[in-house]
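Each chain, written out:
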Amino acid sequence: MATTDEKTYSQLAKIAPTIVIDTFAPLNKRLSVLGDIFGKQQQATEWLNNYNEKTEKMWKSLVDDGTFQPNETASILTYYPGDRLFVMARTGLSQVLYDSNGGFKPGKNIQQILDEEKGFVEISTELLPEYAGDRIFILTPVDDEAKQSTNDMMESTMWKKLPADKNGHFYTIDIQKSDSDASTREWLLKEIPALLKK
């Protein structure tokens, strides 16, 4: 389970052995823990080595063909119901985009969130320019109200003034396809180049 709520843990532990996993932790840490738990450490290590090699090649090829520059920044945003805007930091797609094998840099304000080891933070729409990177990735919400908030933001004057919008460097991806589990990460190795080259 991903929650650290003691009450939930106690209830689940009565049903079956229960282990708490930090889903915001980097993939290599999570897979190593799972490898230890299930006695599959070698398979976890092999998968991670293979994945890291493919990731490094992907980012290098995108730099080599001029798709992006190594020092470009990126932001990942999503809306939740209630007109609530969130900047992603240690969760989902951001783990891929801010990969140590290459990839985008977080802007100063996002780096601060990462340093505080938070998965995400809620910001007011007025603060968007302070968090917007050279590239912006929008996680398309499921909820209709949140979808409308996303559309309203992207139609706003503030959005139109962002360099990412002016340069056509914004991308949308279904929030349900932006997790940081192993199979989604494999899919994103193909999806990210496709998005950036549109």
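For the structure itself, look to the data block above.
Heads up: these notes are all about the structure in this document. Computed from a predicted structure; not experimentally measured.

Focus: the overall build of the chain
Next, step 1: Scanning the chain from terminus to terminus reveals 10 helices and six strands.
Next, step 2: Taking 198 residues into account, the globule formula puts the C-alpha radius of gyration at 16 Å, and the chain, at 18 Å, falls close to it.
Next, step 3: A principal-axis box enclosing the C-alpha atoms of the chain has dimensions of 55 × 40 × 30 Å.
Next, step 4: Sorting the 198 residues of the chain into buried and exposed places 40% on the buried side.
Next, step 5: Pairs at least 24 residues apart make up 68% of the contacts formed inside the chain by residues separated by at least 6 positions.
Next, step 6: Across the chain, 23 positive and 30 negative side-chain charges occur, with their mean positions spaced 3 Å apart.

A look at the packing of helix 2 (residues 27-38) against helix 3 (residues 41-64)
Next, step 1: Interaxial distance between helix 2 and helix 3 falls to 7 Å at its minimum, and their mutual angle equals 160°. By the angle between their directions, the pair helix 2 and helix 3 is classed as roughly antiparallel. Two packed elements cross with a definite hand, and for helix 2 against helix 3 that hand is right-handed. For the pair formed by helix 2 and helix 3, the contact residues are L27, N28, L31, S32, G35 and D36 on the first element and Q41, A44, W47, L48 and Y51 on the second.
Next, step 2: Residues of the contact of helix 2 with helix 3, tallied by class, amount to six nonpolar, four polar and one charged.

A short note on the nonpolar core
Next, step 1: Grouped together as the largest cluster of nonpolar side chains are 47 residues, with contacts concentrated most on L77, L93, L97, F137, M153, W159 and I192.
Next, step 2: No other element matches the six residues that helix 3 contributes to this core.

Section: the packing of helix 3 against helix 10 (residues 182-196)
Next, step 1: Where helix 3 contacts helix 10, the two axes come as close as 11 Å, and the packing angle between them is 5°. Put simply, helix 3 runs roughly parallel to helix 10. In this structure, helix 3 uses W47, Y51, K54, T55, M58, W59 and L62 to contact helix 10, whose residues at the interface are A182, R185, E186, L188, L189, I192, P193 and L196.
Next, step 2: Partitioned by chemical class, the residues of the contact of helix 3 with helix 10 number 11 nonpolar, one polar and three charged.

A short note on a negative patch on the surface
Next, step 1: Taken together, the side chains of D83, D143, D144, E145, D152 and E155 present a region of like negative charge at the surface.
Next, step 2: Among the secondary structure elements, E155 is positioned in helix 7 (residues 144-155).

Section: helix 7
Next, step 1: Here helix 7 contains 12 residues, and its C-alpha end-to-end distance of 17 Å stays within 8% of the 16 Å for a straight helix at 1.5 Å per residue.
Next, step 2: Those residues of helix 7 that fall on the buried side of the exposure criterion are A146, S149, T150, M153 and M154. Down the axis of helix 7, the sector holding all buried residues measures 130°, keeping them to one side. Those residues of helix 7 that are exposed and angled more than 90 degrees off the buried face are D144 and E155.

Topic: the pairing of strand 6 (residues 170-174)
Along any regular strand, the residues point their side chains to alternate faces of the sheet.
Next, step 1: Alternating positions in strand 6 separate cleanly, Y171 and I173 being buried on one face and F170, T172 and D174 remaining unburied on the opposite face.
Next, step 2: Of the strand pairs in this sheet, strand 5 (residues 135-140) and strand 6 are connected by five bridges, and their pairing is parallel. The residue bridging L139 from the neighbouring strand is I173, located in strand 6.

Reading the values: rules and limits
- Residues numbered from 1 in each chain as written.
- Predicted model: local features only at pLDDT ≥ 70, side-chain atom pairs only at ≥ 80, totals over all residues.
- Heavy atoms only, no water.
- Helix = DSSP H or I, 4+ residues; strand = E, 2+ residues; numbered from the N terminus.
- Rg over C-alpha atoms; globule rule 2.2 N^0.38 Å.
- Buried < 20%, exposed > 50% of the residue type's maximum accessible area, 1.4 Å probe, protein only.
- Contact = heavy atoms within 4.5 Å.
- Lys, Arg positive; Asp, Glu negative; His and termini not counted.
- Charge placed at Lys NZ, Arg CZ, Asp CG, Glu CD.
- Axes fitted to C-alpha atoms, helices over the stretch in contact; angles between N-to-C directions.
- Parallel < 35°, antiparallel > 145°, perpendicular 65-115°, else oblique.
- Left-handed = near helix turned anticlockwise from the far one by under 90°.
- Nonpolar A, V, L, I, M, F, W, Y, C, P; charged D, E, K, R; others polar.
- Core = buried A, V, L, I, M, F, W, Y, C linked by side-chain atoms within 4.5 Å.
- Patch = residues over 30% accessible without salt bridge, like charges linked within 9 Å, V, L, I, M, F, W, Y side chains within 5 Å.
- Areas by Shrake-Rupley, 256 points an atom, 1.4 Å probe, with all protein chains shown as cover.
- Salt bridge = Lys/Arg side-chain N within 4 Å of Asp/Glu carboxyl O.
- Expected span 1.5 Å × (residues − 1).
- Arc of directions from axis to C-beta.
- Pairing = 2+ DSSP bridges.

Any link to function would need more than the numbers given here.
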